[in-house]
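# Residue-level structural notes
Below, each chain spelled out in residue letters.
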Amino acid sequence: MTRIVVGLSGGVDSSTAAATLHHQGYEVVGLTLWLMKGKGQCCSEGMVDAAALCEQLGIPYHVVDSRELFEKNIINYLVSGYSSGVTPLPCSQCNKAVKFGPMLKYAQEELGIDRIATGHYARIEYNGETGRYQLLRAVDHNKDQSYFLYDLTQDLLAHCLFPLGNIPKTETRKIAAEFGLSTADKPESQDLCLIEAHGSMQNFLEQYIERQKGQIVDTQGNVLGEHEGIHRYTIGQRRGIGLAAPEPLYVVALDPIKNQVIVGDRTVATQEECTVKQINWVSMEPPSSPIRAEVQIRYRTPPVPVTVIPLEGGDRVKLVFDERQFGVTPGQAAVWYNGEILLGGGIIEPAKANAGKDFLSGDTLAK
Ligand SMILES: Nc1ncnc2c1ncn2[C@@H]1O[C@H](COP(=O)(O)OP(=O)(O)OP(=O)(O)O)[C@@H](O)[C@H]1O
């Protein structure tokens, strides 16, 4: 019987993934990574539900204390990112560095098990011709989570199963009900786990970052108002800027050196290109010449046509959009696809390399 470790968050998706594999004859071991410090946060309720599920299925259950790892990789990453004017995407970082890598290591080293599974909505296919594991969008495009998985290595993909990638979410709930799982009706998590735990990203960040008043300026440097810390803003943001203006104003840049929030109209908030670092090529070898693809610059933005141009050194690319894009946000992931197939992705770099951002201070540009 094939043994497999299933990552359990206590939600309906991972419960159904575990129950499905168990039903298919896998010898399933449930495992929850305990991620957040502090009483009553995030995982505690999840652990109770995950333990109940394992009891119901009659399978072993493990909890791995990963709070240090989460703090080192995610909390520090967020705090230093927001303090320096970027908006980091914690989920892809968490998947690679905190969840999949350590979960596989624990499975192999502590349990002698060589496979792991999660309730993510995405598909993995081995391509015999290229010898690569390809990551594909979930059949249910509305639930597709491949964007958050772009940074998984070939080795991780080779050891992973996503049992829900081929079914619509509605089917997941049906299966959960048929198996009589107590999580069948559990509401969807609506946001990042950190936001669910703290109410908002600002609440979370302000445990670590002090509010520091600064100026809100336009792209010519005229002072329009005051803010309470650049960590409270994101490129492309319109709501909550607190300025009355005839035309809607958007955050177009954040200058950590001058502690300024720079705002402009929608045209200033669009870009025709950007650079991307820390690239992970997933379903194809790194190309030596430009390729055409469709890119997503945020989880919920639709994919748009793009030319991906490899830059010297191999770890960065330039993205040239066919049409100017709004809200290209440093720190977020840009992930490019060929139809269903996720080709690669990386982290959008700050505006220094992006034309037209000369309203940032020299020091910021030199960073
Ligand atoms: N703390 C954790 N420990 C182990 N695995 C986890 C943990 N959190 C999430 N996972 C795994 O990652 C998958 C995707 O997590 P995500 O936070 O996106 O939850 P979700 O899509 O709401 O799924 P679920 O309904 O299972 O909570 C989960 O289905 C689960 O398999």
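No experiment lies behind these values; they were computed from the predicted model shown.

## As for the packing of helix H3 (residues 67-83) against helix H4 (residues 90-111)
In contact at an axis separation of 10 Å, H3 and H4 are set at 170° when each is read in the N-to-C sense. As summarised for this structure, H3 and H4 are arranged roughly antiparallel, according to the angle between their axes. Two secondary-structure elements touch here, H3 through Leu69, Phe70, Asn73, Ile74, Tyr77 and Leu78 and H4 through Pro90, Gln93, Cys94, Ala97, Val98 and Pro102. Among the residues forming the contact of H3 with H4, the class breakdown is ten nonpolar, two polar and no charged.

## Some words on the UniProt feature "binding site: ATP" (unreviewed entry) in the protein
Following the UniProt record, the feature "binding site: ATP" (unreviewed entry) maps to Gly7, Leu8, Ser9, Gly10, Gly11, Val12, Asp13, Ser14, Leu33 and Gly119 here. Within the element layout of this structure, Gly11 appears in the loop between strand S1 (3-7) and helix H1 (12-23). Of the residues examined, Gly11 reaches a relative accessible area of 18% and is grouped as buried. Every residue in contact with Gly11, bar those within four places of it in the chain, is listed here: Thr183 and Lys186. Of note, Gly119 is situated in the loop between strand S4 (116-117) and strand S5 (122-127). Gly119 gets classed as buried once you look at its relative accessible area, which sits at 13%. Setting aside its immediate chain neighbours within four residues, Gly119 contacts Asp13, Ser14, Ala17, Gln145 and Leu164.

## Considering the sheet that holds strand S8 (residues 214-218)
Reading across from one edge, S9-S8-S11-S10 is the order of the four strands in this open sheet, with mixed pairing throughout. Taken across any chain shown, the strands that pair with only one partner, and hence form the sheet edges, are strand S9 (223-227) and strand S10 (250-255). The sheet shows a mean angle of 30° between the axes of neighbouring strands, taken without regard to direction. In this structure, S10 lies alongside strand S11 (residues 260-264), joined through five bridges in antiparallel fashion. When the sheet's bridge partners are listed, Asp255 is paired in S11 with Gln260.

## Description of the pattern of salt bridges
A full pass over the atoms with the stated rule returns 20 salt bridges. Glu171 is paired through a salt bridge with Lys174; the nearest N and O atoms lie 3.9 Å apart. Separated by three residues within a single helix, Glu171 and Lys174 lie in helix H6 (residues 169-178), roughly one turn from each other. By relative accessible area, which is 29% here, Glu171 ends up partly exposed. For Arg211, the salt bridge identified is with Glu228, shortest N-O distance 3.0 Å. Remark: Glu228 occurs in the loop between S9 and S10 and Arg211 occurs in the loop between helix H8 (201-205) and S8; sequence separation between them is 17 residues. According to the relative accessible area criterion, Arg211 is partly exposed, its value standing at 45%.

## Some thoughts on the sheet that holds strand S3 (residues 61-65)
Strand order in this open sheet of five strands is S3-S2-S1-S4-S7, and the pairing throughout is parallel. In this open sheet, the two edge strands, each paired with only one partner strand, are S3 and strand S7 (160-161). Two strands pair when backbone bridges link them, and S1 and S4 are joined in this way by two bridges, in the parallel orientation. Within S4, the position partnered with Val6 by the bridge is Ala117. Packed onto the sheet, H4 meets S1, strand S2 (27-34), S3, S4 and S7 and runs at close to 130° relative to S2.

## Side note on the site of the ligand
In the vicinity of the ligand there are 17 residues, among which Gly7, Ser9, Asp13, Ser14 and Leu33 approach most closely. Here an oxygen atom of the ligand and a backbone polar atom of Gly119 are 2.9 Å apart. In the complex, the protein chains occlude 84% of the 590 Å² of accessible area that the ligand would expose alone. At the level of elements, H1 and S2 are the ones that each hand at least two residues to the shell around the ligand. The residue makeup of the shell around the ligand, split by class, is five nonpolar, ten polar and two charged.

What counts, and at which threshold
Residues numbered from 1 in each chain as written. Predicted model: local features only at pLDDT ≥ 70, side-chain atom pairs only at ≥ 80, totals over all residues. Heavy atoms only, no water. Axes fitted to C-alpha atoms, helices over the stretch in contact; angles between N-to-C directions. Helix = DSSP H or I, 4+ residues; strand = E, 2+ residues; numbered from the N terminus. Parallel < 35°, antiparallel > 145°, perpendicular 65-115°, else oblique. Contact = heavy atoms within 4.5 Å. Nonpolar A, V, L, I, M, F, W, Y, C, P; charged D, E, K, R; others polar. UniProt positions renumbered as here; feature names shortened; annotations may be inferred. Buried < 20%, exposed > 50% of the residue type's maximum accessible area, 1.4 Å probe, protein only. Pairing = 2+ DSSP bridges. Salt bridge = Lys/Arg side-chain N within 4 Å of Asp/Glu carboxyl O. Near = heavy atom within 4 Å. Polar contact = N/O pair within 3.5 Å; in protein donor to acceptor, adjacent residues only side chain to side chain. Areas by Shrake-Rupley, 256 points an atom, 1.4 Å probe, with all protein chains shown as cover.

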